[in-house]
Amino acid sequence: QSQELSQARIDYHTALLALQEYGTRMVCTGKMHTDRICRFDYLCYCTEAEEFVFFHSNSSFMLPNLGPRRFQPALLDLSSVEDHNTQYFNFLELPAAALKFMPKPVFVPDVALILNRFNPDNLMHVFHDDLLPIFYTMQQYSDLDDEARLVFMEGWSEGAHFDLYRLLSSKQPLLKEQLRNFGKLMCFTKSYVGLSKMTTWYQYGFVQPQGPKANILVSGNEIRQFSSSLMEKLNITTLGGEESPVEEKDEYIVVFSRSINRLILNEAELILALAQEFQMRAVTVSLEEQTFPSIVKVISGASILVSMHGAQLVSSLFLSRGAIVVELFPYAVNPEQYTPYKTLASLPGMDLQYVAWRNMVEENSVAYPERPWEQGGIAHLDKEEQDHILASKEVPRHLCCRNPEWLYRIYQDTIVDIPSLLEALRATVKTKPNLKKAKPASTVHPGQVREPQCQTSVQATNEAKLTVSWQIPWNLKYLKVREVKYEVWIQEQGENTYMPYILPHQNYTFSENIKPFTTYLVWVRCIFNKNLLGPFADVLTCRT
Ligand code: UDP
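Residues numbered from 1 in each chain as written. Predicted model: local features only at pLDDT ≥ 70, side-chain atom pairs only at ≥ 80, totals over all residues. Heavy atoms only, no water.

A few points about the sheet that holds strand β14 (residues 252-256)
If you walk across this open sheet you meet the 5 strands as β15-β14-β16-β17-β18, and the pairing is parallel. Of all the strands in the sheet, the pair left with one neighbour each is β15 (281-285) and β18 (353-358). Pairs of neighbouring strands in the sheet enclose a mean axial angle of 20 degrees, with direction left out of account. Those strands touched by helix α12 (residues 418-430) are β16 (304-308), β17 (324-329) and β18, and its axis lies near 155 degrees from that of β17. (Pairing = 2+ DSSP bridges. Helix = DSSP H or I, 4+ residues; strand = E, 2+ residues; numbered from the N terminus. Axes fitted to C-alpha atoms, helices over the stretch in contact; angles between N-to-C directions. Contact = heavy atoms within 4.5 Å.)

See the structure below:
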């Protein structure tokens, strides 16, 4: 930090003059607080008051200029978790003239990205809420480069996975508690506040039961670009060679075990059974016994990853294409209702297979009613409530995060019934060869068909023809596409239904269902390989 301060001192007077003259300047993206990221010049932070400060001068600006709507409920979300009321960002305002009476500001020369980590001790949260959003927010703004300074304002200490956050920039991230070391008033020369939510795929159930986000905007490609970048920074080359397809590798199974709670009680038996059934090596990893980079290295070369439901399963974002994720659920927990890892594995282009297994035999589970409530204990509840939980065969849908029945069930240990697990797995492993060959799915979509035209003729009072023709999309001549088809929609003007047709060529003459002296609206689009849809060309109006 001494180096940074001396660096700051060089421009200190210029910076101070600029702050006094120009004040703070802010421009943001996003119409709502939930999709907003703001860029600031000279955003300041008062460490005593623990408040950000916007200095007004004659040349400061603030876009959006919301007036008091800035507090309804906030200017923006500081974490990637949507609209969580503990994660709001706002600032206080002061006239720049007040600087005269304030402690001398310390300037942070680096371009800063200011955000809240959501739950830095939980690996799923680390990746989903923080690392991926930070990575892609940095991609969005080119001055957030390798020299950028991450500033974590949630107030936690480093946490168990701080080394992962360190990978995102060459500069040590700053924690809220460290800001005091800089003095009473610090000013970020250039900063961005907030995180992109574009990569998140799951909502944790704060306002409705947990589940996949309604509008997922990320595909496997972006997840894999992120994980490759992380692996590069960790100097990890996949076991068996990075690019070698799964089938040529020495195949093996990884069981990701938890050693503190939610245990697999017959882990040794499980590993032997898996190895024997699939004729592969089977190894275990756990966060308690290996470093995270060594776990990533093992997982990135694995054919099958088996684990109890839990945050460690987010590591499946390091699996290679075609691998299988097997998620085990304790007794009375319905896999359909807890799908962060299923959703990840099923993202388009992620090319993972996903299998859920659930313990259906109550005797095969060990519960811990006497533990503290956050580890699933229920001893603190009324007898009646305890009995109700004990008698229940499935946790009903619930909100995050303190539902005692959910915690009781999810922290059970499990003796995995091997035959039923193998049964669930066999079908998937059989279909694997098809998937193994799957190249990263091509996602080049067709352009609009060009020069769409129609010609019509009337044959008789009740007979007419409609010929529609068009040219291939412009990008097709540069592509090798396995199958090119065209879709034509024909709607009689004024009707609210249409007839769709799939056609192999660039023209077609319709005579069935075509009436004389009638106006038809015709749409044409191109389709590559059965499911890559192009846009419709401008609608044709064709009168017979
Ligand atoms: N964890 C672990 N081993 C254990 C229990 C937990 O590695 O035996 C890790 C887990 O992967 C997560 C963190 O500790 O990163 C918090 O676990 P918790 O059970 O609270 O959350 P969950 O895994 O259910 O999301």
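After that view, the rundown keeps rolling.
Section: a nonpolar patch on the surface
Among the surface-exposed residues, Val27, Phe61 and Leu63 lie close enough to one another that they form a single nonpolar patch of about 260 Å² accessible area. Note on placement: phenylalanine 61 falls in strand β4 (residues 61-63). Assessed through its relative accessible area of 38%, phenylalanine 61 is described here as partly exposed. (Patch = residues over 30% accessible without salt bridge, like charges linked within 9 Å, V, L, I, M, F, W, Y side chains within 5 Å. Areas by Shrake-Rupley, 256 points an atom, 1.4 Å probe, with all protein chains shown as cover. Salt bridge = Lys/Arg side-chain N within 4 Å of Asp/Glu carboxyl O. Buried < 20%, exposed > 50% of the residue type's maximum accessible area, 1.4 Å probe, protein only.)

Some points on unusual backbone geometry
Note that the residue after leucine 63, namely proline 64, is joined by a cis bond; omega there is 10 degrees. On the secondary structure map, proline 64 appears in the loop between β4 and β5 (76-77). Note that the residue after cysteine 400, namely cysteine 401, is joined by a cis bond; omega there is 5 degrees. Within the fold, cysteine 401 resides in the loop between α10 (383-391) and α11 (404-410). With a phi angle near 55 degrees, tyrosine 42 is a residue other than glycine that sits in the positive phi range. With respect to the helices and strands, tyrosine 42 occurs in strand β2 (residues 37-46). Look at tyrosine 42 and you get buried, because its relative accessible area is 12%. The phi dihedral of asparagine 529 is positive, around 45 degrees, even though this residue is not glycine. Looking at the element boundaries, asparagine 529 is found in the loop between β26 (519-528) and β27 (532-533).

Here we look at helix α2 (residues 12-22)
Those residues of α2 lying buried are Tyr12, Ala15, Leu16, Ala18 and Leu19. Angular distribution of buried residues about the axis of α2 spans 160 degrees; they occupy a single face of the element. More than 90 degrees from the buried face of α2, the exposed residues found are His13, Thr14, Leu17 and Glu21. Immediately downstream of α2, the backbone of glycine 23 shows phi near 70 degrees, a positive value. (Arc of directions from axis to C-beta.)

Details of the confidence of the model for the protein
Put simply, the protein has an average pLDDT of 95, and 94% of its residues get 70 or more. For this predicted complex, the interface confidence score (ipTM) comes to 0.99, while the overall pTM stands at 0.94. (pLDDT = per-residue confidence, 0-100.)

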